[in-house]
Amino acid sequence: MPKFVVTLLLPDAFDEDFIALIPRHRAFINQLIEENVIDSYAISADRTRGWVTINGLNEATVRAVIEQFPLYRFLRSIEVDELFVFDSVASRFPRISLN
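Parameters and conventions
- Residues numbered from 1 in each chain as written.
- Predicted model: local features only at pLDDT ≥ 70, side-chain atom pairs only at ≥ 80, totals over all residues.
- Heavy atoms only, no water.
- 1 Å grid on protein atoms, 1.4 Å probe; cavity = no way out; pocket = protein on both sides within 12 Å on 5 of 7 lines; lining within 4 Å.
- Points joined across faces, edges and corners; volume = space filled by probe spheres on them.
- Nonpolar A, V, L, I, M, F, W, Y, C, P; charged D, E, K, R; others polar.
- Phe/Tyr/Trp six-rings, centres within 6.5 Å; stacked < 30°, edge-to-face > 60°.
- Buried < 20%, exposed > 50% of the residue type's maximum accessible area, 1.4 Å probe, protein only.
- Helix = DSSP H or I, 4+ residues; strand = E, 2+ residues; numbered from the N terminus.
- Arc of directions from axis to C-beta.
- Contact = heavy atoms within 4.5 Å.
- Polar contact = N/O pair within 3.5 Å; in protein donor to acceptor, adjacent residues only side chain to side chain.
- Core = buried A, V, L, I, M, F, W, Y, C linked by side-chain atoms within 4.5 Å.
- Pairing = 2+ DSSP bridges.

K.L.:
Is there a simple way to think about empty space enclosed by the protein in this case?
P.N.:
Rolled over the atoms, a probe sized like a water molecule indicates the empty space that remains. Throughout the structure, instances matching the rule amount to one cavity of 30 Å³ or more. By volume, the largest cavity is sized at about 30 Å³. Leu8, Leu10, His25, Tyr41, Ile43, Phe69, Leu71 and Leu75 are the residues that line the largest cavity. Of the residues belonging to the lining of the largest cavity, the class tally is seven nonpolar, one polar and no charged.

Structural data, given as structure tokens:
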């Protein structure tokens, strides 16, 4: 299945409505990780950008997932890029220990 990286631009300031949705948003992200829809989810230290690696049939499918995010209405920008290569420690076999 194709893999996409989604770049999210977060709002400049987080109001009470935004903050109130964070627990619901995190629960949804965790659910998608458990379902292998999301491979990785990261937010920058300055909380201005986020990156999500998503498995999907095409860009439209990925956008449909993003549109379900509880914080979707607060996102200022969304970029979706299909990946050619995605390599990570998590996708490799565990190291063998002879102990």
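Back to the write-up after that little detour.
K.L.:
How should I be thinking about the packing of aromatic side chains in this particular structure?
P.N.:
For any pair of aromatic rings, the description consists of the separation of the ring centres together with the inter-plane angle of the planes. With the rule as written, the count across this model stands at three aromatic pairs. A ring pair is formed by Phe14 and Phe18, whose centres lie 4.2 Å apart and whose planes are at 20 degrees; its orientation type is stacked. Assessed through its relative accessible area of 29%, Phe14 is described here as partly exposed. Ring geometry for Phe28 against Phe69: centres 6.1 Å apart, planes inclined by 75 degrees, an arrangement best described as edge-to-face. Within this pair, whereas Phe28 is found in helix H1 (residues 16-34), its partner Phe69 is found in the loop between helix H2 (59-66) and strand E4 (77-82), the two being separated by 41 residues in sequence. Overall, Phe69 belongs to the buried group, its relative accessible area being 3%.

K.L.:
Hey, could you run me through H2 in this one?
P.N.:
Helical periodicity: at 3.6 residues per turn, an α-helix aligns residues three or four positions apart in one direction. Within H2 the residues assigned to the buried category are Val62, Val65 and Ile66. On an axial view of H2, the arc spanned by its buried residues comes to 100 degrees, and they lie on one face. Residues of H2 that are buried make contact with strand E1 (3-9), H1, strand E3 (49-55) and E4. Between the side-chain oxygen of the N-cap and the backbone nitrogen of Ala60 there are 3.1 Å, and the N-cap of H2 in question is Asn58.

K.L.:
Explain the nonpolar core here, please?
P.N.:
Across soluble globular proteins, nonpolar side chains have a tendency to be buried as a group. Residues Val6, Leu8, Ile54, Ile66 and Phe69 are the most contacted members of the largest nonpolar core, which totals 18 residues. Look past the residues within four positions of Leu8 in its chain and what remains in contact with it is Thr48, Arg49, Gly50, Val52, Ile66, Phe69, Leu75, Ser77 and Ile78.

K.L.:
What's the story with the pairing of E1 in this structure? I'm lost.
P.N.:
Taken residue by residue, a regular strand's side chains alternate between the two faces of the sheet. One ladder, built from seven bridges, connects E1 with E3; its direction is antiparallel. When the sheet's bridge partners are listed, Val5 is paired in E3 with Thr53. Here E1 pairs with E4 via six bridges, running antiparallel. When the bridges of E4 are listed, Phe4 appears paired with Glu82.

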